[in-house]
Amino acid sequence: MTLSPDAANDTQAVSRTPLRLAAIGDLHVGENMERPYRELFSKISQEADVLALCGDLTNFGKTPEAEILAEDLRACTIPVVGVLGNHDYECGQPDEVARILHEAGLKLLDGEAYEIEGVGFAGCKGFIGGFGRGMLSAFGEPAIKAFVQASVDENLKLESSLRMLRTERIVVITHYSPVQDTVEGEPPEIFAFLGSARLGETIDRFEGVTCALHGHAHRGSYEGRTTGGVPVYNVARPLLNRDLGIEYALLEV
Ligand SMILES: [Fe+2]
Ligand SMILES: [Fe+2]
């Protein structure tokens with residue numbers, strides 16, 4: 001198909017229209033909660049074009065918790081894209097949690113990629129491992145090597161999801177932090193358990209990453225940057241509530 005000059009201009013105009021992206025992590029839905037996010041999701045649907053969920057969607061990864069969140073997700077009339085967090089693995093059935101949320105419309109990123117209204121979304125849960133000189137390396141006992149390999153494997157998922165995208169703008173979603181900046185505020189002794197610099201290095205290897213979103217560090221900081229200058233936002237819900245007095249982050253990408 002050949003595009004007329006006007007049509008080509010229209011296509012460019014659409015691709016440059018800012019996308020209003022709402023983001024929250026760490027919903028921690030418990031099995032005794034009643035419609036915990038229904039009202040919020042319908043409000044977000046009025047104010048944003050896409051909702052990003054940055055993991056710890058449930059408290060313990062239980063089926064009833066996932067079902068409660070799934071019911072609330074049905075109040076969302078905009079696309080929802082997200083990742084699981086460590087809490088969603090606690091009961092040993094992350095695939096079941098993922099299935100229930102997927103059936104409610106969540107586009108789950110676990111190495112996959114989605115394009116929504118001209119913006120690419122890449123991501124995965126990520127893993128721990130630390131930052132800078134504090135980053136654990138694969139040396140010594142098999143247990144240490146297996147631990148580091150889990151971090152490398154998650155990073156490979158992020159890399160393959162980024163490779164799938166051809167969009168000019170890309171948003172990266174993880175649960176664990178890709179940089180140290182946004183875990184500042186937590187006790188330094190646990191920085192290594194809050195994210196991995198490997199994720200940040202991967203983000204910097206790709207063109208067009210507009211921003212990276214994560215959760216997990218409830219007592220961290222809202223804003224940071226990768227070494228290459230990509231803005232990183234920690235949208236853990238307790239942090240947004242406490243430090244910014246907001247229920248969700250709203251970004252233009
Ligand atoms: Fe959390
Ligand atoms: Fe977490």
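A. Focus on the side chain of glutamate 186. Position of glutamate 186 among the secondary structure elements: in the loop between strand S7 (169–173) and helix H6 (197–204). With residues near it in sequence (within four places) discarded, glutamate 186 still touches Phe191, Leu194, Ala217, His218, Arg219 and Gly220.

B. Region of the structure containing the coordination of the iron ion (ligand 2). Taken together, the protein donors to the iron ion (ligand 2) comprise Asp56 (OD), Asn86 (OD1), His175 (NE2) and His216 (ND1), at separations of 2.1 to 2.3 Å. Given four donor atoms and angles of 88 to 154° at the metal, the environment of the iron ion (ligand 2) is assigned as irregular. Positions of the donor residues of the iron ion (ligand 2) along the chain correspond to the pattern D-x29-N-x88-H-x40-H. The distance between the iron ion (ligand 2) and the iron ion (ligand 1) comes to 3.5 Å, and aspartate 56 binds to both of them.

C. How the structure looks around the sheet that holds strand S3 (residues 80–83). Reading across from one edge, S4-S3-S2-S1-S11 is the order of the five strands in this open sheet, with mixed pairing throughout. Because the sheet does not close on itself, it has two edges, and the strands there are strand S4 (106–108) and strand S11 (249–252). On average, each strand axis in the sheet is inclined to that of its neighbour by 25°, with strand direction left out of account. With four bridges joining them, strand S2 (residues 50–54) and S3 adopt parallel strand pairing. Its bridge partner lying in S3, cysteine 54 is registered against valine 83.

D. Structural detail: helix H7 (residues 237–244). Of all the residues in H7, the buried ones are Arg237, Leu239 and Leu240. All buried residues of H7 fall inside an arc of 160° around its axis, so they share one side. Those residues of H7 that are buried are in contact with strand S1 (20–24), helix H2 (38–47), strand S10 (231–234) and S11. Backbone geometry just downstream of H7 places glycine 245 in the positive-phi region, at approximately 65°.

E. Main features of the state of the cysteines. Enumeration over the complete set of coordinates arrives at zero disulfides. Distance from the sulfur of cysteine 124, which forms no disulfide, to the nearest cysteine sulfur (cysteine 54) is 12 Å. Taking the relative accessible area as the measure of exposure, cysteine 124 reaches 0% and is therefore buried. In this model cysteine 211 remains outside any disulfide bridge; the closest cysteine sulfur is found in cysteine 54, 9.5 Å from its own. For cysteine 211, a relative accessible area of 3% gives the class buried.

F. Quick look at the pattern of salt bridges. Across all of its chains, the model carries 14 salt bridges by this definition. One salt-bridge network, held together by shared partners, links Lys43, Arg237 and Glu247.

G. Structural detail: the sheet that holds strand S8 (residues 209–214). Strand order in this open sheet of six strands is S5-S6-S7-S8-S10-S9, and the pairing throughout is mixed. Strand pairing shows two members of the sheet lacking a second neighbour, strand S5 (113–116) and strand S9 (223–225), which therefore form its edges. Strand-to-strand twist of the sheet, defined as the mean angle between neighbouring strand axes without regard to direction, takes the value 25°. Across three bridges, the pairing between S9 and S10 is antiparallel. Its bridge partner lying in S10, glutamate 223 is registered against tyrosine 233. Contacts from helix H5 (residues 142–163) reach S5, strand S6 (119–123), S7 and S8 within the one sheet, and its direction differs from that of S6 by about 165°.

How each quantity is defined
Residues numbered from 1 in each chain as written. Chains lettered and ligands numbered in written order. Predicted model: local features only at pLDDT ≥ 70, side-chain atom pairs only at ≥ 80, totals over all residues. Heavy atoms only, no water. Helix = DSSP H or I, 4+ residues; strand = E, 2+ residues; numbered from the N terminus. Contact = heavy atoms within 4.5 Å. Donors = N, O, S within 2.8 Å, 3.2 Å for Na, K, Ca; no water. Tetrahedral: all angles 85-135°; square planar, octahedral: opposite > 155°, others 65-115°. Pairing = 2+ DSSP bridges. Axes fitted to C-alpha atoms, helices over the stretch in contact; angles between N-to-C directions. Buried < 20%, exposed > 50% of the residue type's maximum accessible area, 1.4 Å probe, protein only. Arc of directions from axis to C-beta. Disulfide = S-S within 2.5 Å. Salt bridge = Lys/Arg side-chain N within 4 Å of Asp/Glu carboxyl O.

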